[in-house]
Amino acid sequence: DQQVKQNSPSLSVQEGRISILNCDYTNSMFDYFLWYKKYPAEGPTFLISISSIKDKNEDGRFTVFLNKSAKHLSLHIVPSQPGDSAVYFCAACNRIQGAQKLVFGQGTRLTINP
Amino acid sequence: EAGVAQSPRYKIIEKRQSVAFWCNPISGHATLYWYQQILGQGPKLLIQFQNNGVVDDSQLPKDRFSAERLKGVDSTLKIQPAKLEDSAVYLCASRRLAGGPYTQYFGPGTRLTVL
């Protein structure tokens with residue numbers, strides 16, 4: 001039961017252009033969403049998050065958009081830089097009996113071409 | 001501030017052997033998580049501790065996996081006996097009990113290969 005899906009395993013973008021990574025979820029009980037970035041041989045690092053009561057959150061070059069009716073969120077990176085090449089994971093937070101649980105998507109490998 | 005520490009970084013064992021992983025969370029973080037990340041998939045939660053108590057272990061294969069956090073600080077995850085399908089990266093993460101909503105900080109992981 002894949003509650004969080006990232007349907008694009010990979011994405012290639014030209015340096016300076018916009019990168020858009022997508023994520024879909026099925027569980028309407030998720031109340032917080034996060035994006036993590038992962039380089040090879042390192043653990044995921046937190047990038048940006050959004051509460052379910054908002055539809056947009058911006059932090060520098062990174063913006064996350066949430067469409068609750070479509071159960072869809074996206075991460076926009078503009079302008080894209082070579083250092084942005086990494087695997088990006090979307091995660092959704094569910095609280096069950098007081099336990100905070102993150103459910104991750106499969107990840108999207110972003111490659112920024114010079 | 002030091003990050004989440006994990007050891008070893010890599011481990012190769014044969015099936016049916018035992019293995020243990022160690023994690024030291026960020027100082028002051030009360031909540032600790034163990035995740036399993038199989039190649040091509042996202043991390044999957046195995047167990048969550050709050051201080052030294054288990055909050056959620058619903059996805060831990062308890063017939064072969066065990067974890068403990070005896071003093072509410074560092075933690076060990078054990079697999080006994082290992083199966084081929086246990087080959088994965090085992091990630092440890094920690095989080096403050098309050099503040100920084102839902103943000104978990106991950107260690108570098110231990111890559112386990114079961115032959």
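Reference entry: report on the structure contained in this document. What you see is a predicted model; the values in this text were computed from it and never measured.

1. Concerning the overall build of chain B
Thought 1: In terms of helices and strands, chain B carries zero helices and 11 strands.
Thought 2: The C-alpha radius of gyration of chain B comes to 13 Å, within 12% of the 13 Å expected for a compact globule of 115 residues.
Thought 3: Expressed as a percentage of its 115 residues, the buried residues of chain B come to 45%.
Thought 4: Taking the intrachain contacts of chain B between residues at least 6 apart in sequence as the baseline, contacts between residues at least 24 apart amount to 54%.
Thought 5: If you sum the accessible surface of chain B, you get close to 5,700 Å²; carbon and sulfur atoms cover 51% of it.
Thought 6: A distance of 3 Å separates the average location of the 14 positive side-chain charges in chain B from that of its 9 negative side-chain charges.

2. Section: the side chain of Ser94 of chain B
Residues and elements named next belong to chain B.
Thought 1: Mapped onto the elements, Ser94 comes out in strand β9 (residues 88-95).
Thought 2: Of note is the side chain of Ser94, whose polar atom sits 3.4 Å from the backbone nitrogen of Ile26.
Thought 3: A distance of 2.8 Å separates the side chain of Ser94 from the side chain of His29, its partner in a polar contact.
Thought 4: Not counting residues up to four positions away in its chain, the partners in contact with Ser94 are Val4, Pro25, Ile26, His29, Thr31, Leu32, Tyr33, Thr103, Gln104 and Tyr105.

3. Focus on the pattern of salt bridges
Residue and element names in this part refer to chain A.
Thought 1: One pass over the structure, following the stated rule, counts four salt bridges over all chains.
Thought 2: Lys56 is the salt-bridge partner of Glu58, the closest N and O atoms lying 4.0 Å from each other.
Thought 3: A relative accessible area of 51% means that Glu58 is categorised as exposed.
Thought 4: A salt bridge links Asp84 to Arg61; the nearest nitrogen and oxygen atoms lie 2.8 Å apart. One end of the pair, Asp84, is in the loop between β8 (72-77) and β9 (86-96); the other, Arg61, is in the loop between β6 (56-59) and β7 (62-67), with 23 residues separating them in the sequence.

4. What about the pairing of strand β3 (residues 19-25) of chain A?
Each regular strand displays side chains that alternate between the two surfaces of the sheet.
Residue and element names in this part refer to chain A.
Thought 1: Only one face of β3 is buried, namely the one carrying Ser19, Leu21, Cys23 and Tyr25, since none of Ile20, Asn22 and Asp24 on the opposite face is buried.
Thought 2: Two strands pair when backbone bridges link them, and strand β1 (residues 4-5) and β3 are joined in this way by two bridges, in the antiparallel orientation. Residue Val4 lies in a different strand from β3, and its bridge partner there is Tyr25.

5. Points about the interface of chain A and chain B
Thought 1: Taken together, the contacts link 20 residues of chain A with 24 residues of chain B.
Thought 2: When chain A packs against chain B, the two sides together hide about 1,700 Å² of surface, and 56% of this comes from carbon and sulfur.
Thought 3: Looking only at chain A, the three residues that lose the most surface to chain B are Gln100, Lys101 and Phe104 of chain A, adding up to 32% of its buried area.
Thought 4: Summed over the shared surface of chain A and chain B, the number is zero salt bridges.
Thought 5: Summed over the shared surface of chain A and chain B, the result is three residue pairs in polar contact (both at pLDDT 80 or more).
Thought 6: Only β4 (32-38), β9 and β10 (99-104) of chain A provide two or more residues apiece to the side of chain A that touches chain B.
Thought 7: Top element by residues in the side of chain A that touches chain B is β10 of chain A. It accounts for five residues.
Thought 8: Of the residues that constitute the side of chain A that touches chain B, the class distribution is 11 nonpolar, four polar and five charged.

About the cut-offs
Residues numbered from 1 in each chain as written. Chains lettered and ligands numbered in written order. Predicted model: local features only at pLDDT ≥ 70, side-chain atom pairs only at ≥ 80, totals over all residues. Heavy atoms only, no water. Helix = DSSP H or I, 4+ residues; strand = E, 2+ residues; numbered from the N terminus. Rg over C-alpha atoms; globule rule 2.2 N^0.38 Å. Buried < 20%, exposed > 50% of the residue type's maximum accessible area, 1.4 Å probe, protein only. Contact = heavy atoms within 4.5 Å. Areas by Shrake-Rupley, 256 points an atom, 1.4 Å probe, with all protein chains shown as cover. Lys, Arg positive; Asp, Glu negative; His and termini not counted. Charge placed at Lys NZ, Arg CZ, Asp CG, Glu CD. Polar contact = N/O pair within 3.5 Å; in protein donor to acceptor, adjacent residues only side chain to side chain. Salt bridge = Lys/Arg side-chain N within 4 Å of Asp/Glu carboxyl O. Pairing = 2+ DSSP bridges. Buried area = accessible area lost by both parts, 1.4 Å probe. Nonpolar A, V, L, I, M, F, W, Y, C, P; charged D, E, K, R; others polar.

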